[in-house]
Amino acid sequence: MTVPAGSNGLVAEGISLAFGGLQVLNDVSMTLRPGVITGLIGPNGAGKTSLFNCLTGLYHGQRGRSSFAGTPLNGLGPAQRAACGITRSFQNLAMCPDLSLLENVLVGLTLKRRSGWFSAFVPTPAQRAEQRDAERRAMAALNELGIGSAAHEKPSDLPPGTLRLAEIARAITSEPTAILLDEPAAGLNAVETRDLTRALKRLMRSDLVLLVVEHDMDLIMELCEHIYVLNFGSMIASGTPAEIRAHPDVIRVYLGDDADA
Amino acid sequence: MAVSDLAHASKTGVSARGGHVDIARLSVLALVVALSLLPLLAGGFLLYSLSLCFANALAVLSVSMLVRYGGEVSIGHSFFVAFGAYAVAIVEHRLGLSIAASLPLATLLGAAAGFVFAFPSRRLSGIYLAVATMALALALPEILIGFEKFTGGFEGLYIAQDLIPGIPKALQRYYVALAVLGLVCLALAHFRRSAQGLALLMAQAQPRAAEAIGITRSWARVSIFTLSAAVAALAGALTGFASSTVSPNSFTFFSGVFLLVGSVVSLNGLSLPAALVGGAFITLVPTYLAQAGDWVPILYGVALVVVTLVANAGDLRRFLPRGRGR
Amino acid sequence: MSVAGFIRDILPLLWSGLISGCLYGVGALGLVMVFKSSRVVNFSHGNLACLGAFVVYGFSSGSLLSLSWGSAVALALGIAAAIAVMSYALIAPIVFKSDLASTIATLGVGLILQGAVQLVFGADIVNLDLPLPRFSFSLGAIRVSSYDLAVLVVTLAIVGGLFVIIERTKLGVAFRAVSTNPFACEVCGLNLRSVHLFSWLAGAVLGLVAALLIVPTTFLSSTTVPSFMLQAFTAAVVGGFSSLPGAAVGGVLVGIAMNLFSFYVSPEFMNTFLLGVILLTLNFFPNGLLERAIGGRV
Ligand SMILES: Nc1ncnc2c1ncn2[C@@H]1O[C@H](COP(=O)(O)OP(=O)(O)O)[C@@H](O)[C@H]1O
Ligand SMILES: [Mg+2]
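Residues numbered from 1 in each chain as written. Chains lettered and ligands numbered in written order. Predicted model: local features only at pLDDT ≥ 70, side-chain atom pairs only at ≥ 80, totals over all residues. Heavy atoms only, no water.

Enquirer: What is the right way to look at the overall build of chain A in this model?
Expert: In terms of regular secondary structure, chain A is built from 10 helices and 10 strands. Computed over the C-alpha atoms, the radius of gyration of chain A is 19 Å, within 12% of the 18 Å expected from 2.2 N^0.38 for a compact globule of 261 residues. With respect to the principal axes defined by its C-alpha atoms, chain A has extents near 60 × 40 × 40 Å. A separation threshold of at least 6 residues defines the contact pool for chain A, and within that pool the share at least 24 residues apart is 68%. (Helix = DSSP H or I, 4+ residues; strand = E, 2+ residues; numbered from the N terminus. Rg over C-alpha atoms; globule rule 2.2 N^0.38 Å. Contact = heavy atoms within 4.5 Å.)

Enquirer: Honestly, the coordination of the magnesium ion (ligand 2) in this entry has me stumped. Any pointers?
Expert: For a metal with four donors in a tetrahedral arrangement, the ideal angle between donors is 109.5 degrees, while six donors in an octahedron ideally sit at 90 or 180 degrees. Residue and element names in this part refer to chain A. Protein ligation of the magnesium ion (ligand 2) involves Thr49 (OG1) and Gln91 (OE1), the donor distances falling in the range 2.0 to 2.2 Å. Of this pair, Thr49 sits in helix H1 (residues 48-56) while Gln91 sits in the loop between strand S6 (86-88) and helix H3 (101-106), placing them 42 residues apart in sequence. The exposure class of Thr49 is partly exposed, given its relative accessible area of 26%. Exposure remark for Gln91: the relative accessible area of 29% places this residue in the partly exposed category. (Donors = N, O, S within 2.8 Å, 3.2 Å for Na, K, Ca; no water. Buried < 20%, exposed > 50% of the residue type's maximum accessible area, 1.4 Å probe, protein only.)

Enquirer: Honestly, helix H10 (residues 217-243) of chain B in this entry has me stumped. Any pointers?
Expert: The α-helix winds at 3.6 residues per turn, so residues separated by three or four positions along the chain end up facing the same way. Residue and element names in this part refer to chain B. Taking 1.5 Å of rise per residue, the 27 residues of H10 would be expected to cover 39 Å, and the 38 Å separating its terminal C-alpha atoms lies within 8% of that figure. A large share of H10 lies buried, amounting to 24 of its 27 residues. Trailing H10 by a residue or two, Ser244 shows a phi angle of about 60°, which is positive. (Expected span 1.5 Å × (residues − 1).)

Enquirer: Is there a simple way to explain unusual backbone geometry in this structure?
Expert: Leave glycine aside and you will find that most residues have negative phi; peptide bonds, for their part, are mostly trans. Residue and element names in this part refer to chain A. Within the chain, Asp27 stands out as a residue other than glycine whose phi angle is a positive 50°. Within the element layout of this structure, Asp27 appears in strand S2 (residues 22-32). The phi torsion at Glu183 lies on the positive side, around 45°, for a residue other than glycine. Summarising the element assignment, Glu183 is placed in the loop between strand S7 (178-182) and helix H7 (190-203). On the basis of relative accessibility, which here comes to 4%, the residue Glu183 falls in the buried class.

Enquirer: Just checking my understanding: could you explain the interface of chain A and chain B for this structure?
Expert: Interface size is often expressed as the accessible area that is lost when the parts come together. The partner chain B presents 35 residues to the 41 residues of chain A that form the contact. Of the roughly 3200 Å² buried between chain A and chain B, counting both surfaces, carbon and sulfur atoms make up 64%. Counting the surface chain A buries against chain B, the share from its top three residues, Asp98, Trp117 and Phe121 of chain A, is 20%. Residue Arg192 of chain B is joined to Glu103 of chain A by a salt bridge in which the shortest nitrogen-to-oxygen separation is 3.0 Å. The interface formed by chain A and chain B includes 10 residue pairs in polar contact (both at pLDDT 80 or more). Here the residues of the side of chain A that touches chain B are counted per class, giving 22 nonpolar, 10 polar and 9 charged. (Buried area = accessible area lost by both parts, 1.4 Å probe. Salt bridge = Lys/Arg side-chain N within 4 Å of Asp/Glu carboxyl O. Polar contact = N/O pair within 3.5 Å; in protein donor to acceptor, adjacent residues only side chain to side chain. Nonpolar A, V, L, I, M, F, W, Y, C, P; charged D, E, K, R; others polar.)

Enquirer: Where do I start with the site of ligand 1 in this structure?
Expert: All names here are of chain A. Within the structure, ligand 1 sits among Phe19, Leu22, Val24, Pro43, Asn44, Gly45, Ala46, Gly47, Lys48, Thr49, Ser50 and Tyr59. One of the backbone nitrogen or oxygen atoms of Gly47 is found 3.0 Å away from an oxygen atom of ligand 1. Tyr59 is positioned with one of its side-chain polar atoms (N or O) 3.1 Å from a nitrogen atom of ligand 1. In the complex, the protein chains occlude 63% of the 560 Å² of accessible area that ligand 1 would expose alone. Listed by contribution, the elements that provide at least two residues to the shell around ligand 1 are S2 and H1. Among the elements that make up the shell around ligand 1, the one with the highest residue count is H1 (3 residues). When its residues are assigned to classes, the shell around ligand 1 shows 6 nonpolar, 5 polar and 1 charged. (Near = heavy atom within 4 Å. Areas by Shrake-Rupley, 256 points an atom, 1.4 Å probe, with all protein chains shown as cover.)

Enquirer: Quick question: what am I supposed to make of the confidence of the model for chain A here?
Expert: All names here are of chain A. For chain A, the average pLDDT comes to 86, and 95% of its residues sit at 70 or higher. When pLDDT is averaged over each element of chain A, H3 comes out on top at 95 and helix H10 (residues 248-254) at the bottom at 80. Within the model, the stretch residues 1-6 combines pLDDT values under 50 with 8 contacts to residues more than four positions away or in other chains. (pLDDT = per-residue confidence, 0-100.)

Enquirer: Sorry if this is basic, but what is going on with the side chain of Arg68 of chain B here?
Expert: Structurally, Arg68 of chain B can be placed in helix H2 (residues 44-70). Although Arg68 of chain B is buried, it forms no salt bridge, and the closest oppositely charged side chain is Asp98 of chain A at an N-O distance of 6.6 Å. Only 3.4 Å separates the side chain of Arg68 of chain B from the backbone oxygen of Asn268 of chain B, close enough to count as a polar contact. (Lys, Arg positive; Asp, Glu negative; His and termini not counted.)

Enquirer: Where do I start with the interface of chain B and chain C in this structure?
Expert: Taken residue by residue, the interface counts 45 residues in chain B and 42 residues in chain C. One can count 0 salt bridges joining chain B with chain C. When contributions to the side of chain B that touches chain C are tallied by element, the ones reaching two or more residues are helix H5 (126-146), helix H11 (253-265) and helix H13 (295-311) of chain B. Broken down by element, the side of chain B that touches chain C gets its largest block of residues, 13 residues, from H5 of chain B. Here the residues of the side of chain B that touches chain C are counted per class, giving 34 nonpolar, 7 polar and 4 charged.

Enquirer: How should I be thinking about the arrangement of the chains in this particular structure?
Expert: Interchain contacts are distributed over 2 pairs of chains, and the most extensive set of them lies between chains B and C. Separating chain A from chain C is a minimum C-alpha gap of 12 Å, and the two share no contact.

Enquirer: I tried to follow the packing of aromatic side chains on my own but got confused; where do I start?
Expert: The geometry of an aromatic ring pair is captured by the separation of the ring centres together with the interplanar angle, meaning the angle of the planes. Inspection of the entire model under this criterion finds 31 aromatic pairs over all chains. Measuring from centroid to centroid gives 6.4 Å for Trp117 of chain A and Phe191 of chain B, while their planes differ by 25°, and the two rings are stacked. Of this pair, Trp117 of chain A sits in helix H4 (residues 117-121) while Phe191 of chain B is found in helix H7 (residues 169-191), placing the two residues in two different chains. Measuring from centroid to centroid gives 5.4 Å for Tyr174 of chain B and Tyr175 of chain B, while their planes differ by 85°, and the two rings are edge-to-face. Residue classification places Tyr175 of chain B among the partly exposed positions, given a relative accessible area of 34%. Each member of the aromatic cluster is reached from another via a ring pair, and the members are Trp117 and Phe121 of chain A together with Tyr69, Phe191 and Trp219 of chain B. Taking NZ or CZ as reference, Arg88 of chain A lies 4.0 Å from the ring centre of Phe90 of chain A, over its face. The ring of Phe119 of chain B carries Arg122 of chain B above its face, with NZ or CZ at 3.9 Å from the centroid. (Phe/Tyr/Trp six-rings, centres within 6.5 Å; stacked < 30°, edge-to-face > 60°. Lys NZ or Arg CZ within 6 Å of the ring centre and 35° of its normal.)

Enquirer: I would appreciate a short explanation of helix H8 (residues 192-214) of chain C in the present structure.
Expert: Taking 1.5 Å per residue as the helical rise, H8 of chain C with its 23 residues ought to reach 33 Å, and the 33 Å between its terminal C-alpha atoms agrees with that figure. A large share of H8 of chain C lies buried, amounting to 18 of its 23 residues.

Quick look at the structure:
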């Protein structure tokens, strides 16, 4: 699926979200253009994950609209948005403990798989071919992120860094048209972070929407071409890394941010 | 390991991982061979008990499927078991057909009943389903007795037709039950690696992440319950065939609870040995403790509590077999 | 059926449905208290109530002792409370880990209690009446008996007492907090265990009271009370399972619906009817019939 010409990727307009009396998002708008790695930064508790959840349909804002490739997303749940080609990773690792790492990535292909209920119980040649193909794709995603060697391990035997990369592998394996990553570098060491940065850059295609949520400035500055800054639920700035670096509000928010980063 | 030996899912004996002989698989194979040869040595009553035991093992398996893949408990699976058993009996009485026709029919009807039952609670947490299965278990005796015209009321119905005329009844019962149980275990081993199996395990362990990759809770709930009910009905059809009779006595409120006990005692395992342990427990304990009738609920209750506590006590967990969902 | 006949039948049916519905509601309140605080569906609820009722019978009828009815009830309450504490202690290690496992464990406890009743009291069917003066009077088409009045008084007292405890006492505030957000309570230093224990004790008392009041209308055997609890479960589902007022209202609705069904349709398919009510409620009112008034659940 490619983004039709003239459409503008994943768009959120005027999103407001409150939990009880707590206003978590306040009239937030953002545009994620295809072919551009977009970053979303902000201190802890700024509402990044909440905005993310609004985009993926886990939360529904009280106000605002969102659309993807020109199609309105309002009212769609997470599974329906997944069917539109939007995938995500989770800030809190969401691995199934009973499945091997490879199988955890393999489930990312569920919507793409065509084998029916009969072949779920009775092996057929077509089902085996399909299974091999799916495994090849999942394995490719793991290799892309440099963790192919851990494919057959159980999540409980692996370090969190590997699991986080696997989480990303699951999001990219189905070749989605939009990938949203929530704090992909949290818990990664320097080497893994570098691998991740490279992998994400390699992944980038002209028709792919890619959003990376981080509170680590350095990673975002290196990776992204366009950056949004969220603070206390409001979008305080947006622009190129250079513009963001020079933005007075951003400097104020991130001054003395060392403890946070 | 799942991937490399995938192509060999149905072959037993040697796993593809480096060509090493897999001891677990070999012992299952040995068990199957031993059970297949047993009728050469054993007498009628033992064969009869074992046939029932196989049928019960399959019923236990249906509950374990629900626990493993759905994360749900049912205390009303006796309903679907009875459904299958009565389907066989009624098909024989009304249409004059043997289990060659009624076994598949019972399975399909069981799946349909499971779907209808699970559909209303598709969006709710599993606890609501558990409560609804309690009503199912309590409604069952009423239905069996109330629809006397079909079910034969208190008396029940006889099942007399052979699958293959000419072969001794005891052998037919034994081998049909063993073959169906073995095939279902193989099918479940394959299912564990299928797209649907993986999706169900994911939906159970990480419902939100599963939604985000397109696996909805309602799909997962309805699918696994339908499958599990189908297996339960198949088990019921075997029970009916193996015991040559169906009556409300075999399906009281407690039958459903006992199936859950069998599942818990077998650690919700989906392998042939696990199913046999569960089936043997619920078949043999009541038979051999018949004099101590009132102790049976206590024994079962203690088994439920102890196994559940031990299996969930965290530290003890690593002594249990790994790889849930097998 | 004539209109006059219908009117003559319907009022007594509604009235007796209301009376038995009060008891289903009391039974349901016990289930909901436990569920709200600890997220466990207590499948031993009916078995514990049954054991309690048998203790009252055993200690007041002379089959074990011949105490007065009052002291037998006091003893039964003590025993039921002790068992509730013990069952909670059993599942305490896993109650935060897995709703599923703790629910299975309550089934195990239920089986043990069931077996205990059968061991001590056998499969006997006995009568257990309330020590009430027998009188009754007519109120239009409705006949009101002393039993009816006792049920109404006890139900109102219990619901009122529960309301006061939950709204006015420290324990009640903690209970409400825990049932809204257990994690936050833990963080704030609230003791979840004491709240759980309170709800399990309350559940046991409510179950026993409901059992003692329902038994005079039928008889007491090792299976009647546990299957009576299906009505309580249905009432809880109709009320949304995590709403206390919902449970009470659900009980009355279930009581009336059952009476109408058994009179106009068939008395032999009561459990099947309840199964239908549960499935229809889950499908059309997943959060209970009172959802709007009380607000949804998570
Ligand atoms: N489900 C929820 N219920 C209540 N409050 C929530 C919920 N999700 C997020 N919040 C609140 O929203 C605010 C923003 O959280 P979050 O989006 O996770 O921030 P970030 O990802 O930027 O660190 C926090 O104050 C958090 O407590
Ligand atoms: Mg976050």
